[in-house]
Amino acid sequence: MSSGKAYGMTFFGEPPSGKDIPEDEIPGRLLFGRTPAHGPRAAVYVDQINVHSTGLVIHMECRTPGVEADLQQMVRGAFRIGVRAGGPAPVIVEYRAAGRGDARSIGYWATPLPAPGEWHLFARWPDQGIDHCEWHIPAAAFEAAKQEIRPLWGA
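Residues numbered from 1 in each chain as written. Predicted model: local features only at pLDDT ≥ 70, side-chain atom pairs only at ≥ 80, totals over all residues. Heavy atoms only, no water.

1. Points about the overall build of the protein
Then, number 1: Along the protein, the regular secondary structure elements total 3 helices and 11 strands.
Then, number 2: Listing the helices and strands of the protein from first to last along the sequence gives α-β-β-β-β-β-α-β-β-β-β-β-α-β.
Then, number 3: For the protein, contacts bridging at least 24 residues in sequence account for 65% of all contacts bridging at least 6.
Then, number 4: A total of about 7,900 Å² of accessible surface is found on the protein, and carbon and sulfur atoms cover 52% of it. (Helix = DSSP H or I, 4+ residues; strand = E, 2+ residues; numbered from the N terminus. Contact = heavy atoms within 4.5 Å. Areas by Shrake-Rupley, 256 points an atom, 1.4 Å probe, with all protein chains shown as cover.)

2. Comments concerning the pairing of strand S6 (residues 80-84)
Then, number 1: Of all the 5 residues making up S6, 4 are buried; the element is thus mostly covered by neighbouring parts of the structure.
Then, number 2: Of the strand pairs in this sheet, S6 and strand S9 (residues 119-125) are connected by 5 bridges, and their pairing is antiparallel. Opposite Ile-81, over in S9, you have Ala-123 as the bridge partner. (Buried < 20%, exposed > 50% of the residue type's maximum accessible area, 1.4 Å probe, protein only. Pairing = 2+ DSSP bridges.)

3. Considering the environment of Ala-37
Then, number 1: Structurally, Ala-37 is set in strand S3 (residues 37-38).
Then, number 2: Along the backbone, Ala-37 and Cys-133 are 96 residues apart, and their C-alpha atoms lie at a distance of 6.0 Å.
Then, number 3: Not counting the four nearest positions on each side in its chain, Ala-37 is found in contact with Ala-42, Ala-43, Val-44, Ile-130 and Cys-133.

4. Points about the packing of aromatic side chains
Then, number 1: Evaluated as defined, the whole model comprises 1 aromatic pair.
Then, number 2: Where Trp-119 meets Phe-142, the ring centres are 5.5 Å apart and the plane angle is 80 degrees; that geometry is what we call edge-to-face. Within this pair, whereas Trp-119 is found in strand S9, its partner Phe-142 is found in helix H3 (residues 139-147), the two being separated by 23 residues in sequence.
Then, number 3: With a relative accessible area of 0%, Trp-119 lands in the buried category.
Then, number 4: Residue class for Phe-142 comes out buried when judged on its relative accessible area of 0%. (Phe/Tyr/Trp six-rings, centres within 6.5 Å; stacked < 30°, edge-to-face > 60°.)

5. With respect to unusual backbone geometry
Negative phi characterises most residues that are not glycine, and trans characterises most peptide bonds.
Then, number 1: For the bond from Thr-111 to Pro-112, the omega torsion is 5 degrees, close enough to zero to count as cis.
Then, number 2: Along the chain, the position of Pro-112 falls in the loop between strand S8 (103-111) and S9.

6. Things to note about the pairing of strand S2 (residues 28-31)
Then, number 1: Of the two faces of S2, only the one carrying Gly-28 and Leu-30 is buried; Arg-29 and Leu-31 on the other face are not.
Then, number 2: Bridge count for S2 against strand S4 (residues 43-51) is 4 bridges, and the pairing is antiparallel. Bridge pairing in S4 links Leu-30 to Ile-49.

7. Structural notes on the confidence of the model for the protein
Then, number 1: Per-chain confidence: the protein averages 77 in pLDDT, with 77% of residues scoring 70 or above.
Then, number 2: Taken as a whole, residues 1-15 scores under 50 in pLDDT and shows 33 contacts with residues more than four places along the chain or in a different chain. (pLDDT = per-residue confidence, 0-100.)

8. A closer look at the state of the cysteines
Then, number 1: Taken as a whole and assessed by the stated rule, the structure comprises 0 disulfides.
Then, number 2: There is no disulfide at Cys-62, and the cysteine sulfur nearest it, in Cys-133, is 9.2 Å away.
Then, number 3: Judged by its relative accessible area of 0%, Cys-62 is buried.
Then, number 4: For Cys-133, a relative accessible area of 8% puts it in the buried group. (Disulfide = S-S within 2.5 Å.)

9. Some remarks on a nonpolar patch on the surface
Then, number 1: Together, Ile-26, Leu-152 and Trp-153 make up an exposed nonpolar region whose accessible area comes to about 340 Å².
Then, number 2: Examined against the element boundaries, Ile-26 turns out to sit in strand S1 (residues 25-26).
Then, number 3: With a relative accessible area of 45%, Ile-26 lands in the partly exposed category. (Patch = residues over 30% accessible without salt bridge, like charges linked within 9 Å, V, L, I, M, F, W, Y side chains within 5 Å. Salt bridge = Lys/Arg side-chain N within 4 Å of Asp/Glu carboxyl O.)

This is how it looks when you write it as structure tokens:
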């Protein structure tokens, strides 16, 4: 599947309500080596992915050295992510953005949970010279993170 088609699976919309991200469980975590994607004016990396029973919280970091413009608007205007997995693509919405200066942390909620197996997270920020970057998530790491999910209260 080409990267263009992968981006076609990404949807953006209103932030989910509090009940969409489970508050009654501790998520599993997929940690990353923080390998960044670089453009001439920016860098992007995946900090971690929290795996919930109903979806993923994807934590991204975006940096634009020397640019202290409204980075939140810059990111919302052109930064895109997508997930390619073996089943239907999840709907992805931004639910949190924080930071200051030239750094921005962005959280995305992706639901439903991708089908079992390996999958890929894609990102692009063409306005900042990042045309395509991709992170591979092995099936074993994803399944291990799903096994870490713990309910906070009795089932």
